[in-house]
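# Overview (structure and organization)
In case you want the letters, here they are:
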Amino acid sequence: MKDFKPDICINVALPYQDLHIMDACLECKVDYVDTANYEPEDTAKFEYSWQWAYRERFEKAGITALLGSGFDPGVTGVFCAYAQKHYFDEINYIDILDCNGGDHGYPFATNFNPEINIREVSAKGSYIQDGKWVETEPMEIKRVYNFDEVGEKDMYLLHHEELESLALNIKGIKRIRFFMTFGQSYLTHLKCLENVGMTSIEPIDFEGKKIVPLQFLKAVLPDPASLGPRTKGKTNIGCICQGKKDGKDVKYYVYNVCDHQQCYKEVGSQAISYTTGVPAMIGAMMVMTGKWKKPGVYNIEEFDPDPFMEALNKWGLPWKENFDPVLVD
């Protein structure tokens, strides 16, 4: 074991530890893949600046860091890169739509790490317009959309990390937004928890100890891993792009539909885990086979999307295209 060296490090669910893991990869000269960007544990803020600062060091070390190889971020970035390569000269507007039509039967539970999920949802929303961030109040902007194989759902504008990188890497962007669906029961419970301070990340004194309310809440909520056998329904996640090709207006929607019960039957997990794990595997495969091997730190949309898109069809996340989608106003 003394001479053992891994081929690649895949960081699937440790956003607070990204930088420590990247440091270890530099020291050991090992390629790095993650599924979400770095977020300081004591601040509800996530952006790529901390990880982009590693670009020169990874390049000099001759190793690759692939950032955001989950679904969103991840597949959504590949979808946009694929649209840009094949259907557009420039993409002016992107709306990323994340719909979870699943029902786990609990009054309140989160489909992935409760601490990350609640921090993300309770934070202020934002989108990029004409090269600048526009900030909104949490859940301020609501739209209703009819999702293929799921149906009509309420969705809300959130801040999401892939907006930051896509706005830089996709040509012609004027506006890019991210929407996620939530049911009324989830929102009602979340509001109550916020009102009594249970979503706070500020430590409080409790029986002589310092505790973080959100971390305590995480401990009493259902474990997301336990939701697999009881979750029914489907997810639908994709990107609506609008732009120009040969001087003509073009609109294009590419998305994946994933069935919770089919995922549990195949791997023993619900679709949220499946749609994160498969892209992480594909991203690692792209790096290890040399198709995306390039020294430095890169977001997923900076590479050729075609081999990744082919792998999605092969490994359980087939995608669909719509060349006349209903647009989000």
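Structure's up top.
Notes on the structure follow. This one's a predicted model, so the numbers in the text were calculated from it and none came from an experiment.

Working note: regular strand, side chains alternate between the two faces of the sheet. Here strand β5 (residues 125-129) pairs with strand β6 (residues 132-136) via five bridges, running antiparallel. Along β6, the bridge assignment pairs Gly 125 with Thr 136. Counted along the chain from β5 to the antiparallel partner β6, the turn is two residues long, and its residue Asp 130 has a positive phi close to 55°.

Bridge count between strand β7 (residues 142-147) and strand β8 (residues 151-157): six bridges; the pairing is antiparallel. Along β8, the bridge assignment pairs Asn 146 with Glu 152. Note: β8 against strand β9 (residues 175-181), three bridges, orientation antiparallel. In the sheet register, Met 155 faces β9, and the bridge partner there is Thr 181.

Close approach of charged atoms lets side chains of opposite charge pair. Within the structure shown, the criterion is met by 16 salt bridges. A salt bridge links Asp 89 to Lys 245, with the nearest nitrogen and oxygen atoms 3.5 Å apart. Of this pair, Asp 89 sits in the loop between α4 (75-87) and β4 (90-100) while Lys 245 sits in strand β12 (residues 234-245), and the two are 156 residues apart along the sequence. For Lys 245, a relative accessible area of 28% translates into the label partly exposed. The shortest N-O distance in the salt bridge between Glu 149 and Lys 234 comes to 2.7 Å. Of this pair, Glu 149 sits in the loop between β7 and β8 while Lys 234 sits in strand β12, placing them 85 residues apart in sequence. Assessed through its relative accessible area of 26%, Lys 234 is described here as partly exposed. A cluster of three or more residues bridged by salt bridges with shared partners is formed by Asp 148, Glu 149, Lys 234 and Lys 320.

Let us now look at the nonpolar core. Core analysis: the largest hydrophobic core is formed by 62 residues, its most contacted members being Phe 79, Ile 94, Phe 182, Phe 308 and Leu 312. Top element by residues in this core is helix α10 (residues 271-288). It accounts for seven residues. Excluding anything up to four places from it in sequence, Phe 182 contacts Val 121, Met 139, Asp 154, Tyr 156, Leu 158 and Leu 187. In terms of nonpolar packing, the next biggest core, distinct from the first, is built from 15 residues, Ile 21, Leu 26, Tyr 32 and Ala 65 among them.

On to the packing of helix α5 (residues 114-122) against helix α8 (residues 213-220). How two helices pack is summed up by the angle between their axes together with the distance between the axes. At a minimum axis distance of 9 Å, the contact between α5 and α8 shows a crossing angle of 125°. Classed by the angle they form, the pair α5 and α8 counts as oblique. Seen from above, α5 lies across α8 with right-handed handedness. In this structure, α5 contributes Pro 114, Glu 115, Ile 118 and Arg 119 to the contact, and α8 contributes Leu 214, Gln 215, Leu 217 and Lys 218. When the residues that make up the contact of α5 with α8 are grouped by side-chain class, the tally is four nonpolar, one polar and three charged.

On to α10. The end-to-end C-alpha separation of α10 is 26 Å, in line with the 26 Å expected for 18 residues at 1.5 Å each. When we look at burial in α10, the residues that qualify are Ala 271, Ile 272, Tyr 274, Thr 275, Val 278, Pro 279, Ala 280, Ile 282, Gly 283, Ala 284, Met 286 and Val 287. The backbone nitrogen of Ile 272 has a side-chain oxygen 2.8 Å away, supplied by the residue at the start of α10, namely Gln 270.

Moving on, we get to unusual backbone geometry. Between Asp 72 and Pro 73 the backbone carries a cis peptide bond, its omega angle lying at 10°. By the secondary structure assignment, Pro 73 is in the loop between β3 (64-67) and α4. Positioned with a positive phi, Met 139 is a non-glycine residue whose angle comes to about 60°. By the secondary structure assignment, Met 139 is in the loop between β6 and β7. Even without being glycine, Glu 207 reaches a positive phi, approximately 50°. Topologically, Glu 207 is positioned in the loop between β10 (204-206) and β11 (209-211).

Conventions used here
Residues numbered from 1 in each chain as written. Predicted model: local features only at pLDDT ≥ 70, side-chain atom pairs only at ≥ 80, totals over all residues. Heavy atoms only, no water. Pairing = 2+ DSSP bridges. Helix = DSSP H or I, 4+ residues; strand = E, 2+ residues; numbered from the N terminus. Salt bridge = Lys/Arg side-chain N within 4 Å of Asp/Glu carboxyl O. Buried < 20%, exposed > 50% of the residue type's maximum accessible area, 1.4 Å probe, protein only. Core = buried A, V, L, I, M, F, W, Y, C linked by side-chain atoms within 4.5 Å. Contact = heavy atoms within 4.5 Å. Axes fitted to C-alpha atoms, helices over the stretch in contact; angles between N-to-C directions. Parallel < 35°, antiparallel > 145°, perpendicular 65-115°, else oblique. Left-handed = near helix turned anticlockwise from the far one by under 90°. Nonpolar A, V, L, I, M, F, W, Y, C, P; charged D, E, K, R; others polar. Expected span 1.5 Å × (residues − 1). Polar contact = N/O pair within 3.5 Å; in protein donor to acceptor, adjacent residues only side chain to side chain.

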